[in-house]
Amino acid sequence: MAEYQYVLVERDERVGIVTLNRPAKLNALNTQLVAELSTALEELDRDEAIRCIVITGAGERAFAAGADIEEMADKSPIDMLTGGFEAWERIRRIKKPLIAAVNGYALGGGCELALHCDIIVASENARFGQPEILLGIIPGAGGTQRLARTLGKYRTMEMVLLGNQISARELADLGLVNRVVPQGEHLKEALKIAKELAERPPIAVRLAKEAVLAAFETPLAEGLEAERRNFFLLFASEDKREGMRAFLEKRRAQFQGR
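Described in the following lines is the structure provided in the data block.

Below, the discussion takes up the packing of helix H6 (residues 143–151) against helix H7 (residues 153–162). Taken N-terminus to C-terminus, the directions of H6 and H7 make an angle of 140°; their axes are 7 Å apart at the nearest point. With respect to H7, the axis of H6 lies oblique. In the packing of H6 onto H7, the handedness of the crossing is right-handed. On H7, the residues touching Thr-144, Leu-147, Ala-148 and Leu-151 of H6 are Lys-153, Arg-155, Thr-156, Met-159 and Val-160.

With that settled, consider the pattern of salt bridges. All told, the structure shown has 19 salt bridges when counted by the stated rule. Linking Glu-225 and Arg-228 is a salt bridge whose minimum nitrogen-to-oxygen distance equals 3.3 Å. On the criterion of helical spacing, the pair formed by Glu-225 and Arg-228 is a turn pair, its members being three residues apart in helix H11 (residues 220–233). Residue Glu-249 pairs with Arg-251 through a salt bridge whose shortest N-O separation is 2.7 Å. Given the relative accessible area of 47%, Glu-249 is considered partly exposed. Residues joined in a network through salt bridges with shared partners are Glu-89, Arg-92, Arg-93 and Glu-217.

What follows is about the pairing of strand S5 (residues 98–102). Buried residues dominate S5, accounting for five of its five residues. With burial as the criterion, each face of S5 is covered, one bearing Leu-98, Ala-100 and Val-102 and the other bearing Ile-99 and Ala-101. As judged from the four bridges shared by strand S3 (residues 52–57) and S5, these two strands associate in the parallel manner. Each bridged residue has a counterpart across the sheet, and for Val-54 the counterpart in S5 is Ile-99. One ladder, built from four bridges, connects S5 with strand S7 (residues 119–123); its direction is parallel. Paired with Ile-99 across the bridge in S7 is Ile-119.

Criteria and cut-off values
- Residues numbered from 1 in each chain as written.
- Predicted model: local features only at pLDDT ≥ 70, side-chain atom pairs only at ≥ 80, totals over all residues.
- Heavy atoms only, no water.
- Axes fitted to C-alpha atoms, helices over the stretch in contact; angles between N-to-C directions.
- Helix = DSSP H or I, 4+ residues; strand = E, 2+ residues; numbered from the N terminus.
- Parallel < 35°, antiparallel > 145°, perpendicular 65-115°, else oblique.
- Left-handed = near helix turned anticlockwise from the far one by under 90°.
- Contact = heavy atoms within 4.5 Å.
- Salt bridge = Lys/Arg side-chain N within 4 Å of Asp/Glu carboxyl O.
- Buried < 20%, exposed > 50% of the residue type's maximum accessible area, 1.4 Å probe, protein only.
- Pairing = 2+ DSSP bridges.

Laid out in structure tokens, this is it:
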């Protein structure tokens, strides 16, 4: 198991928990933290005992308040090109479901990290935003694209061009946040969802995630083909047979991930 400076990794039954651990810096995403995060997620993704992963931030003030501007301020384009930014692509490729448990600020890269996840649970005090424009830059880890695909052009333009923060409640109304919970209950609620997900057939969960993501990344015809292919493929799984037998026998299915 890898050792980390800026992330904490725990296992709770079949759920992996990764905590961004720079609370004094509001969990600002420096290059090392993002690299460690991608490695920790890949490790949990390979662990057959883990079926769902929760990402959260240490402390009460922030999930992640953005990139580490002190680290970034003097970098050149070549520094950015060669400086480990590909770790975001590694996060994007995680196959198991990711749940963001957000408390406080999720700004810039912190908002983009939440957008990499498949489900977002937020405390009522959570604030989301892409304030890069106020620094003379734009989002660079998917913010413009993922927000547009969820919120549409006009709300995304408002967030990206003005750089304003938006409450978790408002984003829940717009369909970006799944659940808003009382302050401090975000991790508890995320773990509740994760443990429920962990009871689902893991191969079907993986292929379902893949099919839904295809809706954001392909034309409709290709997305439908991806869905149909995964649907047919699951008829080869033992979990499909177990699930259908359990339904017919009126009992709870015991999925093994085979």
